[in-house]
Amino acid sequence: MIIKTRFAPSPTGNLHFGNIRTALYSWLYAKKNNGIFVLRIEDTDQKRSKDIYSKNIFDTLKWLKLNWNEGPFFQSKKIKYYQEIILYMLKKGLAYKCYCNNETLLRMKNEKILKQEKPRYDGRCRNLDKNFNSLNKYVVRFKNPITGIVSFNDMIRGEIKFNNSELDDLIIQRENGIPTYNFCVVIDDVDSKITHVIRGEDHINNTPRQINILRSLQANVPSYAHLSMVMNNNKINFSKRDNSIKILTYKKLGYLPEAILNYILRLGWSHGNQEIFSIKDMIHLFNLKSITKSSSIFDLNKLLWINKYYMNISHKKYIKKMIVYYFKKNNLDYKLGPDLDKIIPNFLPHVYTIKNLFNSILYFYIKDNKISYPDCINNYLNFDTLKILKIVYKKILILKDWNLNVILNIIKNISLRLKILLKEIIIPIRLALIGKTHSIGINQIMYFLGKEKSLFRIKKFIKYIEISL
Ligand code: GLU
Ligand code: ZN
């Protein structure tokens, strides 16, 4: 048997960590079993489905390299086909037309509530003559079995059972002729010969209904695995409308796809205490049994940690390519500053994302007069700072050699001479050179910036202090 899994998002919002976890687990399960991964776009809800969200689905999967082997199939292109099957089911007595209008349904509901029963449709149109024809509007309902139990063995949760008496006759075609979600899922899973359905636990209640439809059509019932939800820090389920968890936002923020996948894998699946998994490891080790039944909480710090790890083990050329992209996007020429190949390794241990890295090296490449000072600058607009900077300027001006040690010695000597702490010298220099109070070693900054630019920026700050005093 060829294992076939599918990812079947509805294009009603941007893909988030929860969605991609479903995609990743389905993809991994197919890969691990030399199977086939199918992509299906469930866009029968015409009002809520949007092309930009379909594009978001493709872009996200492509960025993460979760390639699909079949599809994308669009449900919206198959409406006629679904309708033909519904006609067949009507003919065979597997489904029936329900002419109840909203008023009738509401009355039925209220009566049931009064009797303290579940407000279900009572099946009153079920036994209308098949040939009964009315000009009134109707929906088509599936004839769900009235008695017995429908059960399935969830690959994560074990056996799950429902009494048929609790399931009402599901609408499979709306008044406007459009088939409903549960029906299309069933038909598509059959058509694509899906063997394993891996999806969110919000679909557990749909599963018995879908199984009943499958059985009525004498189709094979796939195996099911329902994943628990992913929640944000406030323990609220992720929503497709929340941009802070949109995966492609993390691309913009400079996260690596490898890190995102690794983080998502661990969001609900484990292999001992192992945290880092290459794609090869993932495919090799993945199984459905080790997926947790409890919900998972999104942890940004952990994601940052994993991203930093991947940035540090990645090929430097790969990181450089991404940084160059940031330069282009910001209309900056990286050739106007120090060699990226030399800069990047110095900064990598101190940053968590590519954007972080870009922001921490940016000041080497912008024009000297574009350096702006932060608010805390006011604490340094005094005669002491002025004196320090003037000495630093003079010492650097006469320097012949330009290397890390020489620069550091100058600063140390000034601190000894003036009998002040090193940091009292370093912070004003940093402010002058890069407009920040924190960064990597001051000698490294000065070294990479070069003598001429360092002098220019110190002089600019000296003038700034003089004007303010
Ligand atoms: N379209 C459904 C969703 O986005 C998934 C349906 C399924 O996986 O069966 O939640
Ligand atoms: Zn009815």
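Our subject is the structure that appears above.
The sections below set out a description of the structure shown in this document. (Residues numbered from 1 in each chain as written. Chains lettered and ligands numbered in written order. Predicted model: local features only at pLDDT ≥ 70, side-chain atom pairs only at ≥ 80, totals over all residues. Heavy atoms only, no water.)

### Topic: the coordination of the zinc ion (ligand 2)
Item 1. For the zinc ion (ligand 2), the full set of protein donor atoms is Cys98 (SG), Cys100 (SG), Tyr121 (OH) and Cys125 (SG), at a range of 2.1 to 2.3 Å.
Item 2. Geometry at the zinc ion (ligand 2) is tetrahedral, judged from the four donor atoms that bind it and their angles of 96 to 123° at the metal. (Donors = N, O, S within 2.8 Å, 3.2 Å for Na, K, Ca; no water. Tetrahedral: all angles 85-135°; square planar, octahedral: opposite > 155°, others 65-115°.)

### Quick look at the sheet that holds strand β4 (residues 95-98)
Adjacent strands of a sheet form backbone hydrogen bonds with each other and so pair up, either parallel or antiparallel.
Item 1. Taken together, the three strands give an open sheet; going across it, the order is β4-β5-β8, and neighbouring strands pair in antiparallel fashion. Strands with a single pairing partner mark the edges of an open sheet, and in this sheet they are β4 and β8 (171-173). The mean inter-strand angle of the sheet, taken between neighbouring strand axes irrespective of direction, is 45°.
Item 2. Alignment of strand β5 (residues 139-142) against β8, held across two bridges, turns out to be antiparallel. Bridged to valine 140 within β8 is glutamine 173. (Pairing = 2+ DSSP bridges. Helix = DSSP H or I, 4+ residues; strand = E, 2+ residues; numbered from the N terminus. Axes fitted to C-alpha atoms, helices over the stretch in contact; angles between N-to-C directions.)

### A word on the packing of aromatic side chains
When we look at a pair of aromatic rings, we describe it by the centre distance and by the angle of the planes.
Item 1. Per the counting criterion, the structure on display carries 29 aromatic pairs.
Item 2. Where phenylalanine 17 meets tyrosine 263, the ring centres are 6.0 Å apart and the plane angle is 85°; that geometry is what we call edge-to-face. In this pair, phenylalanine 17 is assigned in helix α1 (residues 17-32) and tyrosine 263 in helix α8 (residues 257-266), connecting sequence segments 246 residues apart. Accessibility assignment for this pair places phenylalanine 17 and tyrosine 263 in one class, buried.
Item 3. Just above the ring of tyrosine 352 sits the side chain of lysine 308; from NZ or CZ to the centre is 4.4 Å.
Item 4. A cation over an aromatic ring shows up here: lysine 329 above the ring of tyrosine 326, its NZ or CZ 5.1 Å from the ring centre. (Phe/Tyr/Trp six-rings, centres within 6.5 Å; stacked < 30°, edge-to-face > 60°. Buried < 20%, exposed > 50% of the residue type's maximum accessible area, 1.4 Å probe, protein only. Lys NZ or Arg CZ within 6 Å of the ring centre and 35° of its normal.)

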